[in-house]
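Close look at the chain arrangement
Read off the chains here:
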Number of protein chains: 2
Amino acid sequence: MEIIRSIDFKINLHKVYQAIEEADFFAIDGEFSGISDGPSVTALTNGFDTPEERYQKLKKHSMDFLLFQFGLCAFKYDQTDSKHITKSFNFYVFPKPFSRSSPDIKFVCQSSSIDFLASQGFDFNKVFCSGIPYLNQEEERQLREQFDEKRSQANGTGALTKCPVTIPEDQRKFIDQVIEKIEDFLQSEEKSLDLEPCTGFQRKLIYQTLSWKYPKGIHVETLETEKKERHILISKVDEEERKRREQEKYAKEQEELNDAVGFSRVIHAIANSGKLVVGHNMLLDVMHTIHQFYCPLPADLNEFKEMTTCVFPRLLDTKLMASTQPFKDIINNTSLAELEKRLKETPFDPPKVESAEGFPSYDTASEQLHEAGYDAYITGLCFISMANYLGSLLGPPKMCVSARSKHIEPFFNKLFLMRVMDIPYLNLEGPDLQPKRDHVLHVTFPKEWKTSDLYQLFSAFGNIQISWIDDTSAFVSLSQPEQVQIAVNTSKYAESYRIQTYAEYVGRKREDKQVKRKWTEDSWKEVDRKQPNVSGPCSHTNSFTATGMTGKRTRSPDPGEAGLEDREPEEISDSELEQTDSCVDPLPEGRKKAKKLKRMKKELSLAGTVAGSAMLFEVPDTW
Amino acid sequence: MEIIRSIDFKINLHKVYQAIEEADFFAIDGEFSGISDGPSVTALTNGFDTPEERYQKLKKHSMDFLLFQFGLCAFKYDQTDSKHITKSFNFYVFPKPFSRSSPDIKFVCQSSSIDFLASQGFDFNKVFCSGIPYLNQEEERQLREQFDEKRSQANGTGALTKCPVTIPEDQRKFIDQVIEKIEDFLQSEEKSLDLEPCTGFQRKLIYQTLSWKYPKGIHVETLETEKKERHILISKVDEEERKRREQEKYAKEQEELNDAVGFSRVIHAIANSGKLVVGHNMLLDVMHTIHQFYCPLPADLNEFKEMTTCVFPRLLDTKLMASTQPFKDIINNTSLAELEKRLKETPFDPPKVESAEGFPSYDTASEQLHEAGYDAYITGLCFISMANYLGSLLGPPKMCVSARSKHIEPFFNKLFLMRVMDIPYLNLEGPDLQPKRDHVLHVTFPKEWKTSDLYQLFSAFGNIQISWIDDTSAFVSLSQPEQVQIAVNTSKYAESYRIQTYAEYVGRKREDKQVKRKWTEDSWKEVDRKQPNVSGPCSHTNSFTATGMTGKRTRSPDPGEAGLEDREPEEISDSELEQTDSCVDPLPEGRKKAKKLKRMKKELSLAGTVAGSAMLFEVPDTW
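As a starting point, this report considers the structure included with it. The structure displayed is predicted, hence computed values, not measured ones.

Turning next to the nonpolar core. Formed by 142 residues in total, the largest nonpolar core has its most connected members in Leu72, Phe91 and Phe304 of chain A together with Leu72, Phe91 and Phe304 of chain B. Contact partners of Leu72 of chain B, with chain neighbours within four places excluded, come to Val16, Ile20, Phe26, Ala27, Ile28, Lys87, Ser88, Phe89, Phe91, Val266, Ile270 and Ala376 of chain B.

Each partner contributes residues to the interface: chain B has 45 residues there, and chain A has 45 residues. Between chain B and chain A lies a buried interface of about 3800 Å² when both sides are counted; carbon and sulfur atoms form 58% of it. Our enumeration of links across chain B and chain A arrives at 2 salt bridges. Between Lys96 of chain B and Asp115 of chain A there is a salt bridge, with the nearest N and O atoms lying 3.1 Å from each other. Our count for the chain B to chain A interface comes out at 19 residue pairs in polar contact (both at pLDDT 80 or more). Those elements that place two or more of their residues in the side of chain B that touches chain A are strand E5 (106–110), helix H4 (111–119), helix H5 (124–130), helix H7 (169–187), helix H8 (200–213), helix H16 (451–457), helix H18 (502–522) and helix H19 (524–530) of chain B. Tallied by class, residues from the side of chain B that touches chain A come to 18 nonpolar, 13 polar and 14 charged. With 5 bridges joining them, strand E5 (residues 106–110) of chain A and E5 of chain B adopt antiparallel strand pairing. In the strand pairing of E5 of chain B, Gln110 of chain A is matched with Lys106 of chain B.

All names here are of chain B. In the contact formed by helix H3 (residues 51–62) and helix H11 (residues 283–293), the axes pass within 11 Å of each other and the chain directions differ by 55°. Between H3 and H11, the angle falls in the class oblique. Of the two possible hands of crossing, H3 and H11 adopt the one that is right-handed. Here H3 contributes Tyr55, Leu58, Lys59 and Ser62 to the contact with H11, which in turn contributes Leu283, Leu284, Met287 and His288. Considering only residue class, the contact of H3 with H11 consists of 5 nonpolar, 2 polar and 1 charged.

Residue and element names in this part refer to chain B. Across the 7 residues that make up strand E8 (residues 230–236), a large majority, 5, are buried. Examined bridge by bridge, strand E6 (residues 192–194) and E8 share 3 bridges and lie antiparallel to one another. Looking at the pairing, Ser192 lines up with Ser235 of E8. Here 7 bridges tie strand E7 (residues 218–224) to E8, and the two strands are oriented antiparallel to one another. Note that in E8 the partner of Leu223 across the bridge is His231.

With respect to the helices and strands, the residue Glu140 of chain A is situated in helix H6 (residues 137–154). Every residue in contact with Glu140 of chain A, bar those within four places of it in the chain, is listed here: Leu135, Val261 and His268 of chain A.

Residue and element names in this part refer to chain A. Under the defined criterion, the tally for this structure stands at 45 salt bridges over all chains. Residue Glu354 pairs with Lys83 through a salt bridge whose shortest N-O separation is 2.9 Å. Here Glu354 is found in strand E11 (residues 353–355), whereas its partner Lys83 is found in strand E4 (residues 83–92), with 271 residues between them in sequence. Exposure remark for Glu354: the relative accessible area of 40% places this residue in the partly exposed category. With a relative accessible area of 11%, Lys83 lands in the buried category. Across the pair Glu221 and Arg245 runs a salt bridge whose closest N-O atoms are separated by 4.0 Å. Taken together, the residues Glu221 in strand E7 (residues 218–224) and Arg245 in helix H9 (residues 239–261) connect sequence positions 24 residues apart. On the basis of relative accessibility, which here comes to 23%, the residue Glu221 falls in the partly exposed class. A relative accessible area of 22% places Arg245 in the partly exposed class.

The rules we used
- Residues numbered from 1 in each chain as written.
- Chains lettered and ligands numbered in written order.
- Predicted model: local features only at pLDDT ≥ 70, side-chain atom pairs only at ≥ 80, totals over all residues.
- Heavy atoms only, no water.
- Core = buried A, V, L, I, M, F, W, Y, C linked by side-chain atoms within 4.5 Å.
- Buried < 20%, exposed > 50% of the residue type's maximum accessible area, 1.4 Å probe, protein only.
- Contact = heavy atoms within 4.5 Å.
- Buried area = accessible area lost by both parts, 1.4 Å probe.
- Salt bridge = Lys/Arg side-chain N within 4 Å of Asp/Glu carboxyl O.
- Polar contact = N/O pair within 3.5 Å; in protein donor to acceptor, adjacent residues only side chain to side chain.
- Helix = DSSP H or I, 4+ residues; strand = E, 2+ residues; numbered from the N terminus.
- Nonpolar A, V, L, I, M, F, W, Y, C, P; charged D, E, K, R; others polar.
- Pairing = 2+ DSSP bridges.
- Axes fitted to C-alpha atoms, helices over the stretch in contact; angles between N-to-C directions.
- Parallel < 35°, antiparallel > 145°, perpendicular 65-115°, else oblique.
- Left-handed = near helix turned anticlockwise from the far one by under 90°.

Dropping the structure here:
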């Protein structure tokens, strides 16, 4: 179901709410106006990024793009017919300015992304001409305040109207004429009086003057002509009528406000449900969703984790799931389109799915890839297939594994990390994995060097893997950690290049940061310009030092481009698979979390500034 | 005529060239993805901006937007029928990446601008799905270099192919197998051999190996399958055939290159013609056109002026023309739509215009405003009406004033400055006007203050005009310069606000900049980060000290929002109006200028860095 602006959205919102209310779980997908504003995507995703580094890169280089299509597919299991009923929505989203005073959002477009979407038949007119507006929580709060303030002024409780207004000299004649007209009007039989269009400043003077001069008996409102000229209409009213009008106006304003909050209401409903949200390679989707519909992303990864688990208490990434045992060995290609195809074949069993009445059904045979609603739909299918496969491994086998099953819990709240060699996921529920990198070398060289030069340099060391950092440096991983020291030693007298161990590199980088920190503290101007609030390091700084290996969590390497299929990942244990389903209703938990988010955001607005300033000085202590 | 990507553009380009060749003058108009990325347009256009300040603001806050629709209307006068023949083009422009290695342009969209265009029926799909690509001059140069390099390598003149290639250990087996296959192929009767798809690095190794091993007798090329996999095709060829194929390839590459330069070729043709280019309120159009299709804008206004007159030797802004005597007194509203209507009435005479055969005609009765082609068309109409009106004032009257007439020369190369109170235009041909600002006060106050507070503060001084700078400061102009000192004196003991004369304000600002300069020089890191090339002040620094009043130039105040209609502008003298038409063909001059541009750009690439570094320290000495 395609949903665009205003009427369409208003009419269908209850359907969306109902789908969210009924669902067992959701799948989501976003389409963006760009991916990365950096020099190139590959340069920004180094194979040895730490999760912190990756978060910072994505935050810095991806958040100025617009999430302009949001796909939501709600899945509900029908026990009687043993099938899943789907309700799929495809929302077009655009930050149409609500009024002249509302924020005028700027967003970046990346021509390669736009060109790609264009080639897939994406309809940009639907976004820009009919996209649903939205507000983040701060914008919503400000708008509510504005309405309240306007209202309290209109009610005569504002301070401005309690004493005579100072009229500037050049406006006195104008205001005197207005008062004269009103006096005549009050003596007459007329019910209402239209004043001539005038400037906003003049209207303000009129409002203030009348509110002081005639606190009762008249109703003053501003109307707009077809030519967009604003003029004031004055009507004689008794107290009851005045109140009725006020209430009418209030109701209308509330509706306008809800319209302005727009698409964010859908996201709030998903979040408040506390239900499982499935996505494919969903880190960027999650970051954009929070950034666009809740609040700017925090400076620190740990705060981001906290915020994310508050908004979405249960996330599951199908790309990570497909890259983890027991799937890793039987799934070669984890791109969404290929995964969907693979999961139709043995040993998998395509789930029985039907679209709900009144909802258009997707045909996976004729692909509609990169339409967010469709991508969300097949992401959900992939999840069901893989969950059921896990059930088939149990003793006795379980045909259908629900979204609340303990068996899928090991995959909760771990988001796939693209192209990181040895850290498969970002762990939202605690510290991240810290793999040994004792087989990794950091090499610097002249900018003329190509991949072949590096292969040649390390030709004595057998298979190597190269991860470019920039034009003049790369990580090179050897197959044998023992060879690392040999490589470093042989390079000691080299002039054109330099080799150090990963540990040395990290150590030097930390030292550099400390020196930089000193400089930064010296040149106060720099600090002053960059950050309005300077204070001490934040409380999260040391949380990286905890080790990330918990027995319960599965671990798998990136099977994608890194080509490290030979390494042995930990597997999901039988005991994990055999735990019984949890049938706890997730809703109360969701609501609790939503409350916690509100509380947390208040704290964050303070902590955020502390963390923001700490970022400049912070060094990740462990890798 | 609407023109979109590739085939359409290629087929019609000769029509565009022909229209440019025949025309007497052009009118242009651009539509952008945004206007200003600053806090608000009003804050960025202060009524007392200097031209330098305005240029810097527009450069900083407007150049990241995309010019995505370009309107061109060519006007040619038909003596026989005394009518103008028009050829109007509406180009959709989009920086579609040319190849995987070509620049991936990012551009900003402003939601209010997008929303406005959407409300006017703008078709975004035409831009993003079918926009014509373009390259600026540096990108074109780089692409030509890439092609040349590739070609010289393919010809065997590259250094890489003269000695055996070093094959990395893990690739040796692969390459050996390829050579074996080729040896078999050379012994066989087959004409060509398809190799398996492989990686880019492997293809490079194959190319290098074969070019060294088989310098003659075979032709090697890379083809792409439908699945976008690249593979190598080897064919047996004699020398003649090899050369023919090379030439074919070269021609194809040249065509690809021209396709990539795309829409920039239209702009180059307009520029090289040296003919008059008319626009309405055209400063932003000109800045965007140069920025997008030539080169990034220079740091310094004087360099921008030089560059602009090189690219477009004759510009005329109809908004400035309509705001200047003798038009100022008889034209109230200079917005394009209103101007077009006004110029149909007495004393003006709507020109006889007809669209050329094969070109759709616009109907000014049913407005298509904000389609660039239409806006360009009516801009041209406005120019003709006003030019002819000038002719009607001559003795004896002249019915038709041509685009090359001396009578319109006073309006050449002066671009309208929006919302500047006392400097109506940016003078491209020399120093700008430096009006006295001895009736202007600079006021700082608490951020709670509103316009009414300022009116109240100055209520003793009669009519005042307020130009907000930011939340806590504004320029206030008094009607009597003598009152300025009184206002300053009365404020001496005020605590909440502060008043200084404009001269004091400029002096303090200059001092601040000098202090800042000292700081900047001290904190080397700051300087180092911002600018790769640090050197002395540039030669343009003092050019502002020259006075801008030349007897010949007309001058008029901004009649728009400033409301200063009572001031007396200089008028165009009769002697100016009575000069005879110049019939010099403008083309040679245009070509000369184009050459000068090339030379100048070379110099600029050096001077630019000098000027760039000087910008940080520079203080405009006179206002």
